[in-house]
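Next come the chains, spelled out residue by residue.
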Amino acid sequence: MSGSAADRLARQADGYLVTQLLHTAVVLGVPDALAGGPRDAVDLAGELGARPGPLHRVLRGLAAEEVLAETGDGRFALTDTGRLLCAGVPGSLRDWVATRGGLYFGAAAGLPAAVRDGSTPYETVHGLPFFAHLSADPARLATFQAAMADRSAREAGAVVAAYDAGGFSSVVDVGGGRGTLLRAVRERAPGADVVLFDLPEVVAGSDLPAAGGDFFTAVPAGADAYLLSRVLHDWDDGDALRVLRTCRAAMRPDSVLLVVEAVLPERAADDAAAVRMDLHMLLLLHGCERTATEYAALCAAAGLRLTRDVPTDAGVHVLEARPA
Ligand code: SAM
């Protein structure tokens, strides 16, 4: 093995440390504390309730990852990457990082078992299916939904730029979470009647017109358009088909269903993010990422035909389906 291959492998094996460095920064509030300018560990420690020595080592670790920059006088400043860990900034990945380092981290150690015996590590660790475990604790559910909104904020603009939603007069966002994509669609289709549909505990308190329910049972009927963004990948083929059939039953003959998902590439290296997301599904849920052909087959089994596959600039595709 060449030196550079060994270096790369050693770095990959240390990925667990990088996840926890980012998570520690978020949990302690380091990025927000540095938003006003560079500071050193002694200065930060009191405010963050930390010990200066270990905090300095974490700050140095973050600088090695180019999340922070050293100013040369013992202080640390946010880089452009580090600024994305601040709360409430455009494009923030703060809650995204919090799910990786907190909620999901324990499950990752169960990957060998998942491969050997087909278990779902998140369920092994927490004793409950993923969404039931989230719903059991409001703070946990809020962190997950905020992480979804982080990602959706990056994707929603690209989705409506790639797919013209301007003609819709009624739209239901099925499993819509905080409704980030639905808001982007409504901006393109002003005046459209929109409904955010998700579990009752998720839509409670939403400022969007909302309905709580179970997408395995029924979703609001008769809309022009149904959105299913990052929903099907959470489920195995049997359950994904149940969701599609529920949507199909609610659709008019001229309704359209927009499935927003990453689409697995032919070669893994062509879309490493989609392949990583597939591994998340293996760890957390019973779902998987799929190829466009696999989505077309699922749609066909639900009485839908895939009419368009529209790639976006954000890595996801908009798969348009209509009643067959
Ligand atoms: N569509 C959002 C997005 O793109 O960010 C959220 C996607 S998130 C991966 C999946 C969503 O499905 C969550 O908001 C979750 O609460 C919702 N969900 C899970 N089970 C559900 C059920 N049985 N009925 C309705 N919604 C459900």
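Going by what an unreviewed UniProt entry lists, the chain is known as Dimerisation domain-containing protein and is assigned to Geodermatophilus telluris.

The subject of this paragraph is the packing of helix α12 (residues 138-162) against helix α13 (residues 180-188). As a packed pair, α12 and α13 sit with axes 8 Å apart at the nearest point and diverge in direction by 30 degrees. Relative to α13, the element α12 is oriented roughly parallel. The interaxial crossing formed by α12 with α13 has right-handed handedness. When α12 is examined against α13, the residues A149, S152, A153, A156, V159, V160 and A161 are found in contact with a partner set consisting of T180, L181, A184, V185 and R188. Considered class by class, the residues forming the contact of α12 with α13 number 9 nonpolar, 2 polar and 1 charged.

The next subject is the nonpolar core. One finds V174, F215, Y226, L228 and L257 to be the most contacted residues of the largest nonpolar core, which totals 29 residues. Those elements giving two or more residues to this core turn out to be β3 (170-174), β6 (225-229), α15 (237-250), β7 (256-262), α17 (292-301) and β9 (316-323). When neighbours within four sequence positions are excluded, V174 is seen to be in contact with F197, F215, V219, Y226, L227, L228, S229, V231 and C247.

In the neighbourhood of the ligand, 19 residues make up the surrounding shell, with G175, D198, D214, F215 and S229 lying closest. The separation between a nitrogen atom of the ligand and a polar main-chain atom of G213 is 3.5 Å. D214 is positioned such that a nitrogen or oxygen atom in its side chain is 2.9 Å from a nitrogen atom of the ligand. Considering the ligand on its own, with 590 Å² of exposed area, one finds that the protein chains cover 95% of that surface. When residues of the shell around the ligand are assigned to their parent elements, the largest contribution, 4 residues, is made by α12.

On to the UniProt feature "active site" (unreviewed entry) in the chain, then. Sequence positions flagged by UniProt for "active site" (unreviewed entry) are, in local numbering, H233. Leave out the neighbours within four places in its chain, and H233 touches E261, M277, M281, G287, C288, E289, R290 and Y295.

This part takes up the packing of aromatic side chains. Counting across every chain of the model gives 10 aromatic pairs. Both rings, one in Y122 and one in F130, keep their centres 4.9 Å apart while their planes meet at 70 degrees; by these two values the pair is edge-to-face. Here F130 falls in the buried class, since its relative accessible area comes to 2%. With 4.9 Å between their ring centres and 85 degrees between their planes, F216 and W235 make a pair best called edge-to-face. Placement of the pair is F216 in the loop between β5 (210-212) and β6 and W235 in the loop between β6 and α15, with a sequence separation of 19 residues. Neither F216 nor W235 differs from the other in exposure class; each is buried. An aromatic cluster is built from Y104, Y122, F130, F131, F144, F215, F216 and W235, whose rings are joined through pairwise contacts. Across from the ring centre of W96, 3.6 Å away, lies the NZ or CZ of R100, which sits over that ring. It is R242 that lies over the ring of F216; its NZ or CZ is 4.3 Å from the centre.

What counts, and where the lines are drawn
Residues numbered from 1 in each chain as written. Predicted model: local features only at pLDDT ≥ 70, side-chain atom pairs only at ≥ 80, totals over all residues. Heavy atoms only, no water. Axes fitted to C-alpha atoms, helices over the stretch in contact; angles between N-to-C directions. Helix = DSSP H or I, 4+ residues; strand = E, 2+ residues; numbered from the N terminus. Parallel < 35°, antiparallel > 145°, perpendicular 65-115°, else oblique. Left-handed = near helix turned anticlockwise from the far one by under 90°. Contact = heavy atoms within 4.5 Å. Nonpolar A, V, L, I, M, F, W, Y, C, P; charged D, E, K, R; others polar. Core = buried A, V, L, I, M, F, W, Y, C linked by side-chain atoms within 4.5 Å. Buried < 20%, exposed > 50% of the residue type's maximum accessible area, 1.4 Å probe, protein only. Near = heavy atom within 4 Å. Polar contact = N/O pair within 3.5 Å; in protein donor to acceptor, adjacent residues only side chain to side chain. Areas by Shrake-Rupley, 256 points an atom, 1.4 Å probe, with all protein chains shown as cover. UniProt positions renumbered as here; feature names shortened; annotations may be inferred. Phe/Tyr/Trp six-rings, centres within 6.5 Å; stacked < 30°, edge-to-face > 60°. Lys NZ or Arg CZ within 6 Å of the ring centre and 35° of its normal.

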